[in-house]
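# A closer look at the structure
Here is how the chains run, residue by residue.
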Amino acid sequence: MSRKYWQISSFDKKQAAQLAYEYGYDEFAVLLLNSRGITEPEDIAQFLDSEIELSDPFLIKDMDKAVCRIQKAIDNFEKITVYGDYDADGVTATALLYLYLEATGANVTYYIPSRMEEGYGLHTSAIDKLAQQGVNLIITVDNGINSVKEAEYIKSKGIDLVITDHHQPGDTLPDAVAVVNPHRADDTSPFKYLAGVGVAFKLAAALEGGDCDSVLADFADIAAIGTVADIVPLKGENRSLVVAGINAINSSPRTGITALRNVAGYQNKDFTSTGIAFAIAPRINAAGRIESAATALKLLLCEDELDAQMLANQLDGFNVMRQDIEADIVQEAVRRIENDEKLKYSRVLVVEGNNWHAGVIGIVASKLVDRYGKPAMVIAKDGSGEAKGSCRSIEGFSLFDALSSVSDSLVRFGGHTLAAGFTVRDDEIDSFRERINEYAEKQAMFYPVLHLDCKLNPATIDIDLIDTLSQLEPFGAENPQPMFGLYKVNIVSVKPLGSTGKHIRIVFEKKFSRFNAVCFGVSADDFPYETGDTVDLAVTIDKNEFRGEVKPNIYIKSVKDSRFTDEDYFRCERLYDRIRSGALLSETERRSACPDRAFAAGVFRLVKSKKRCIYTPEQIAVKMGYGSDMTCKVRIAIDAFCELGLMKSEDGALKIVENAPKVSLGSSAILKSLGYIE
């Protein structure tokens, strides 16, 4: 995982203490909300009260028109089709509205397009099929807001259309009986952050005469899954939907969800929003990515336990397939990046491959962002001449703005600041890559950020703190699990955790306080810090229940030497990338990056002192007595030694090459390019 810039949120400690005293809130809970910009008493009260009253669904523009037309179709037994989407939000929205309409006695069917064959949204081929089936009314869920041409086509077929969606509308709304979307410019409803399933829920409540509570009692579980999966902000009414849904899943889950939680290993565990995000949602999404989202939809509709178990096993199998396909593409993408210096050290990674599965390239892009700490665009070519791309970004670099700047190189594109998709002609990929990076070079420096809610004294971590943190649940978008900074703690011991050796348990000490913390995905041999090192930790804290005893568990998300300086490090990384990508450097830049003989010798001696040196270049700089501002020089020295055959990088570690022939340091090409003088 890439190095990140640690950013501690600002807050007003005195204001938090005063509010807590005046209104009887937990002081630390108020402080955490303050650090997230929630400072007004009424906003704090609303946040801490997860049972927020749901607003009248008829406040959403066109809801009355939608209800009128749908009720007419129900009464006259007209054929209705719920037209959904293949992701978890679309599948749950389809399930919720289909089940509600079926319960009213409506003549209802559903349709979800194929991700691979049709793509997102309404399609004329699908409309033709529905027309042939005698459909009188199409209701979209989680799509349709920008389907202007398709709406015209539906009307030409003599079919009525009701659109429900939560995506941003374009300049022109589709011609439909009703367009229900809280983001409409003329919509005055109070809550704008509903997922597609949230809008479908509101429609069902409106059809129920505005009774949100009765619909929530029946469908909170489905609404919660789609809301969490679509990463909409977990605040306001979304918190009510998710809290009610989690309670339903834990107390009286429907047959399909029980089967799905069982295959995910949650038979005897209470579900949280994290469980939905990492256990249920990926398996529902996998169906649409690998085969057909209809399998996931059938599971949510299923009432037979044996059938539900079979469908859940299929979804689990799809998820395993998705993981395998994704891993293969990540491996190939990393290989291509590592073998192409210009690509590896560009500001935006743009990597393409033949016959990569278009259903998983978005996940692959996320993996590349985590690995390299920079925006990544992954393009799947299928031989048709037009390739599909998916991209993910980091704070400070808007993908939508970047794609807009090169839109003439693209067939189409869309998305948001941190996630987007596009289609590009095969013969335009190289030009697209170059132009995107030219755009990125002109932007202000951007780097991956790790947000910390506040610094924390390890001595304060106890069960009372766990109880306080639970008041902020459910966690999700715009309300992440709190992340704390434990600064200047000393490493006492590092030991393997479990039989696989893939995780470690570390004992730390600060003043007279000792505590344990767990770091997943790192072996003791690959952990670059040692007993006696003073480090800073970024951690989350969870509840651990074992044999009736409850204790806090501390999980390490990131660790760095307490002497590291983020600003200096990222300036060095920017310069190093420019050097390796062949950018034109100023004389000042060359001098600041080029190590002299004594500095290079110091790097060599430190690496040689270790049989297997797993220190990062930043660690090497600090252990030599310098600061993070010397990271670039260390990297250049290492590159020169590797180039000359004196050092090698193997399995994530640096090693000295034994019995290497004597060579002149000045013969290194990279040092020559920087003006090195013996």
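Conventions we followed
Residues numbered from 1 in each chain as written. Predicted model: local features only at pLDDT ≥ 70, side-chain atom pairs only at ≥ 80, totals over all residues. Heavy atoms only, no water. Axes fitted to C-alpha atoms, helices over the stretch in contact; angles between N-to-C directions. Helix = DSSP H or I, 4+ residues; strand = E, 2+ residues; numbered from the N terminus. Left-handed = near helix turned anticlockwise from the far one by under 90°. Contact = heavy atoms within 4.5 Å. Pairing = 2+ DSSP bridges. Buried < 20%, exposed > 50% of the residue type's maximum accessible area, 1.4 Å probe, protein only. Right-handed = clockwise from strand over helix to strand, strands pointing away. Salt bridge = Lys/Arg side-chain N within 4 Å of Asp/Glu carboxyl O.

### Things to note about the packing of helix H4 (residues 63-75) against helix H8 (residues 196-207)
- H8 packs onto H4 with a crossing angle of 65 degrees between their chain directions and a minimal axis gap of 10 Å. Helix-helix and strand crossings are classified by hand; for H4 and H8 the assignment is right-handed. Residues Met 63, Ala 66, Val 67, Ile 70 and Gln 71 of H4 lie in contact with H8, whose contacting residues are Lys 202, Leu 203, Ala 206 and Leu 207.

### A closer look at the sheet that holds strand E5 (residues 160-164)
- Strand order in this open sheet of 5 strands is E3-E2-E4-E5-E6, and the pairing throughout is parallel. Each having just a single partner strand, strand E3 (107-111) and strand E6 (178-180) make up the two edges of the open sheet. Sheet twist, expressed as the average angle between the axes of neighbouring strands with direction ignored, equals 20 degrees.
- Where strand E2 (residues 79-83) lies against E3, 5 bridges are found, and the strand directions are parallel.

### Overview of the pairing of E2
- Most of E2 sits out of view: 4 of its 5 residues are buried.
- Crossover E2 to E3 through helix H5 (residues 88-103) is right-handed.

### Observations concerning the pattern of salt bridges
- Per the counting criterion, the structure on display carries 40 salt bridges.
- Notably, a salt bridge pairs Glu 237 with Lys 202, separated by 2.8 Å at the nearest N-O pair. On the criterion of sequence distance, the pair formed by Glu 237 in helix H10 (residues 237-251) and Lys 202 in helix H8 is long-range, its members being 35 residues apart.
- Across the pair Arg 590 and Glu 587 runs a salt bridge whose closest N-O atoms are separated by 2.5 Å. A residue pair is termed a helical-turn pair when its members lie 3 or 4 positions apart in one helix, as Arg 590 and Glu 587 do in helix H21 (residues 587-593) at 3 residues.
- Here the salt bridges share partners, and the residues they tie into one network are Arg 3, Lys 560, Asp 566 and Glu 618.

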